[in-house]
Amino acid sequence: MAPEASADFYRLRRCAVGLCVAAAIAPVAAQAHDSHHRSAGPLEIVDGQYSPVSWAGIAGWNNDNHLDAFKAFRASCRAVTVRRITAVSQKALGATLWEPCRAAKTANISDDAKAKAFFENHFRAVRISRLGETDGFVTGYYEPIIDGSRARTDVYTVPVYRRPSNLFVRGFTQSAPSLPNSGPVYRKIGRRKLVPYYDRAEIEDGAIEGRGLEICWLKSQTDLLFTQIQGSARVRLEDGSTLRINYDSYNGYPYTAVGRILIERSIVPKDQMSMQRIRQWMNENPDGAKELRRQNRSYVFFHEVKLSDNDEAIGAQGLPLTPGRSIAVDKSLHVYGTPFFIEGELPIESEQAKTPFHRLMIAQDTGSAIVGPARADLYFGAGSEAGRVSGRLRHHMHFVMLVPNSLDPVARARTMPLPQTRPSARIAKLFPPKDQKPANTPHTSAPSSFPAGEQAGAAPTPAAKAAPSNATPLPSARPEVRSMHNRRHRTHYRRRWHRWAR
């Protein structure tokens, strides 16, 4: 053939082959696309373990008020569908809540049976806990109602600060509406220099006073501490109006539980620990209270929110919380809007009560002390009664996470490699010891692996039963071979390692 004809022939053949390959893989590609649409992938939970569970296997599932839970879930869905998560993250559910939330927005659900069927049709249940543990852990929180003043007086002397302008977090502008509640926080000096922000002791001693940061004033540092722990408060002003404040940011130091310090110092027994007990001790020991507060170097800044007395506090998801249905979770692991069924017994009716608690809760908030895959803070509302209930909760509970159907809870297990068999027996056959005795020779002086104290009380055992005749001996230790080349290599490696370590 002429060169032009040869080239045309090969071009036609390549096109024909390409069309055949495309026709062959088209059904496979369509099937793969459809499979991806149905399943977003395997479920992965950092530092967590989980196992699928049937709805019938969840204690108390059938007796809960699913309609109340559905209303809280649908409220979260407004934020989920508006701000759809598209980036890959380490959060367990990723963007998969979008599909059940879209269904919830259009669903006509007005009774408990339909709400229960909605969750069972759009989710799978998995029992979840921290790796190596069986249960999760819950505490409680609420919105305090405390007295305060817009201006400083002889009675109200403790300021509630808004976020200072020199507080800086990497990756965020200083005017950002919200800042993370974990990680380092800096104080900006000049244009470039960054140093850790002031801790609680420095702020209490006046490090940022006189800069117009005061939102209001409270009676005591104890009132401020518990407001910071809860993350919000209703401040009753002297003119009868109510000022609502919510968490804005913090100073970058990890939270230290003052109750744990009192337990470690044997001041308050562990079984008597509660928020009320801490407050009582602080009121009775003002000097000790000051030192105890400063053990918790973390300090919270607030902002004022425009809410009426009938509105609930705003959670980290940006929505009003629902008493008895909203929980705070670890936001680095979980997506806001995720349903969790929490089951166990809690001292709700009294300090000694074991009230059955089987309730579907919705993740709508977070906190710096809420860390782990099965860790939750239960929101109980506002006021003194909610404070009494939440203040005595520190209990282990069973956690069941509701996972959208697009996530496969068992796919991860299918790809998990099994460990290889131990090669000791095979190696022992290849390297038998030189002083091995015949199989029928009694072992009268073989060393025992038991402690001497256990041998002394043991009854004598016939030699035939002391060690099986077909026992496989372990190989002898390999001789150490020294080499100048290896020594030089190791020395060079150590030098490199020390250089990196510096």
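Residues numbered from 1 in each chain as written. Predicted model: local features only at pLDDT ≥ 70, side-chain atom pairs only at ≥ 80, totals over all residues. Heavy atoms only, no water.

1. Comments concerning the overall build of the protein
Logical step 1: What the protein contains, in helices and strands, is 15 helices and 19 strands.
Logical step 2: Looking at the 502 residues of the protein, the share that counts as buried comes to 40%.
Logical step 3: Contacts spanning at least 24 positions in sequence make up 78% of the contacts within the protein whose residues lie at least 6 apart.
Logical step 4: As displayed, the protein has an accessible area near 29800 Å², and 53% of this comes from carbon and sulfur atoms. (Helix = DSSP H or I, 4+ residues; strand = E, 2+ residues; numbered from the N terminus. Buried < 20%, exposed > 50% of the residue type's maximum accessible area, 1.4 Å probe, protein only. Contact = heavy atoms within 4.5 Å. Areas by Shrake-Rupley, 256 points an atom, 1.4 Å probe, with all protein chains shown as cover.)

2. With respect to the environment of Phe 341
Logical step 1: In this structure, Phe 341 sits in strand β15 (residues 339–346).
Logical step 2: Between the C-alpha atom of Phe 341 and that of Ala 59, which follows or precedes it by 282 residues, the distance is 9.7 Å.
Logical step 3: Residues contacting Phe 341, with those up to four places away along its chain left out, are Ile 58, Ala 59, Gly 60, Trp 61, Asp 64, His 358, Arg 359, Leu 360, His 398, Phe 399 and Val 400.

3. A short note on the confidence of the model for the protein
Logical step 1: When pLDDT is averaged along the protein, the result is 79, and 71% of the positions lie at 70 or above.
Logical step 2: Here helix α13 (residues 452–456) is the element of the protein with the lowest mean pLDDT, 36, and strand β6 (residues 158–161) is the one with the highest, 98.
Logical step 3: Confidence drops under a pLDDT of 50 for residues 1–39, and excluding neighbours within four residues, the segment shows six contacts in the predicted structure.
Logical step 4: Confidence over residues 438–469 falls short of pLDDT 50; this stretch has six contacts with residues more than four positions distant or in other chains. (pLDDT = per-residue confidence, 0-100.)

4. Regarding the pattern of salt bridges
Logical step 1: On inspection of all chains with the given rule, the structure shows 19 salt bridges.
Logical step 2: In this structure, the salt-bridge partner of Arg 244 is Glu 143, at a minimum N-O distance of 3.2 Å. Of this pair, Arg 244 sits in strand β12 (residues 242–250) while Glu 143 sits in strand β4 (residues 136–143), and the two are 101 residues apart along the sequence. Neither Arg 244 nor Glu 143 differs from the other in exposure class; each is buried.
Logical step 3: In this structure, Arg 279 engages Asp 223 in a salt bridge whose closest nitrogen and oxygen atoms are separated by 3.0 Å. Residue Arg 279 is located in helix α8 (residues 275–284), and its partner Asp 223 is located in helix α6 (residues 221–230); the two are separated by 56 residues in the primary sequence.
Logical step 4: Among the residues examined, Arg 279 registers a relative accessible area of 26% and is labelled partly exposed. (Salt bridge = Lys/Arg side-chain N within 4 Å of Asp/Glu carboxyl O.)

5. Quick notes on the packing of aromatic side chains
Logical step 1: Tallied over the full model, the rule gives 14 aromatic pairs.
Logical step 2: Taking 5.3 Å as the distance between ring centres and 55° as the angle between the ring planes, the aromatic pair formed by Tyr 141 and Tyr 379 counts as tilted. Of the two residues, Tyr 141 sits in strand β4 while Tyr 379 sits in strand β17 (residues 375–382), which places them 238 residues apart along the sequence.
Logical step 3: Seen in terms of ring centroids, Tyr 299 and Phe 301 are 5.5 Å apart; in terms of plane orientation they differ by 55°. Their pairing is tilted. (Phe/Tyr/Trp six-rings, centres within 6.5 Å; stacked < 30°, edge-to-face > 60°.)

6. Comments concerning the sheet that holds strand β9 (residues 193–196)
Two pairing modes exist for strands in a sheet, parallel and antiparallel, and in both the strands are linked by backbone hydrogen bonds.
Logical step 1: The antiparallel open sheet is built from three strands, whose spatial order is β7-β8-β9. Bordering the open sheet on either side are β7 (167–168) and β9, each of which pairs with just one other strand.
Logical step 2: In the sheet, β7 pairs with strand β8 (residues 186–189) via two bridges, with the strands oriented antiparallel. Each residue of the ladder has a partner; that of Leu 167, found in β8, is Arg 187. (Pairing = 2+ DSSP bridges.)

7. Structural notes on the sheet that holds strand β5 (residues 145–149)
Logical step 1: Taking strand neighbours across the sheet as the criterion, the six strands line up as β6-β10-β5-β11-β12-β13 in an open arrangement whose pairing is mixed. Each end of this open sheet is capped by a strand with a single partner; those strands are β6 and β13 (300–305). Direction aside, the axes of adjacent strands within the sheet are offset by 45° on average.
Logical step 2: Bridging between β5 and strand β10 (residues 214–218) involves two bridges; their strand directions are antiparallel. Within the sheet, the bridge partner assigned to Ser 149 lies in β10 and is Trp 217. (Axes fitted to C-alpha atoms, helices over the stretch in contact; angles between N-to-C directions.)

8. Some details on the nonpolar core
Logical step 1: Counting 66 residues, the largest nonpolar core has Phe 73, Phe 119, Ile 327, Ile 342, Leu 378, Phe 399 and Met 401 as the members making the most contacts within it.
Logical step 2: The element best represented in this core is helix α2 (residues 66–82), accounting for seven residues. (Core = buried A, V, L, I, M, F, W, Y, C linked by side-chain atoms within 4.5 Å.)

9. Some points on the packing of α6 against α8
Logical step 1: Where α6 meets α8, the axes come as close as 11 Å, and the angle between the chain directions of the two elements is 155°. Regarding the angle of α6 to α8, the classification is roughly antiparallel. Like other packed secondary-structure pairs, α6 and α8 cross with a definite hand, here right-handed. Contact residues: Thr 222, Asp 223, Leu 225, Phe 226 and Gln 230 in α6; Met 275, Ile 278, Arg 279, Met 282 and Asn 283 in α8.
Logical step 2: For the contact of α6 with α8, the per-class residue count stands at five nonpolar, three polar and two charged. (Parallel < 35°, antiparallel > 145°, perpendicular 65-115°, else oblique. Left-handed = near helix turned anticlockwise from the far one by under 90°. Nonpolar A, V, L, I, M, F, W, Y, C, P; charged D, E, K, R; others polar.)

10. Let's talk about the pairing of β4
Logical step 1: Within β4, eight of the eight residues are buried, which leaves the element mostly enclosed by the surrounding structure.
Logical step 2: The alternating pattern of β4 places Gly 136, Val 138, Gly 140 and Tyr 142 on one face and Phe 137, Thr 139, Tyr 141 and Glu 143 on the opposite face, and all of these are buried.
Logical step 3: In terms of strand pairing, β4 meets strand β18 (residues 394–404) through four bridges, oriented antiparallel. Residue pairing for β18: Gly 136 is matched across the bridge by Met 397.
Logical step 4: In terms of strand pairing, β4 meets β17 through six bridges, oriented parallel. What sits directly across from Tyr 141, in β17, is Tyr 379.

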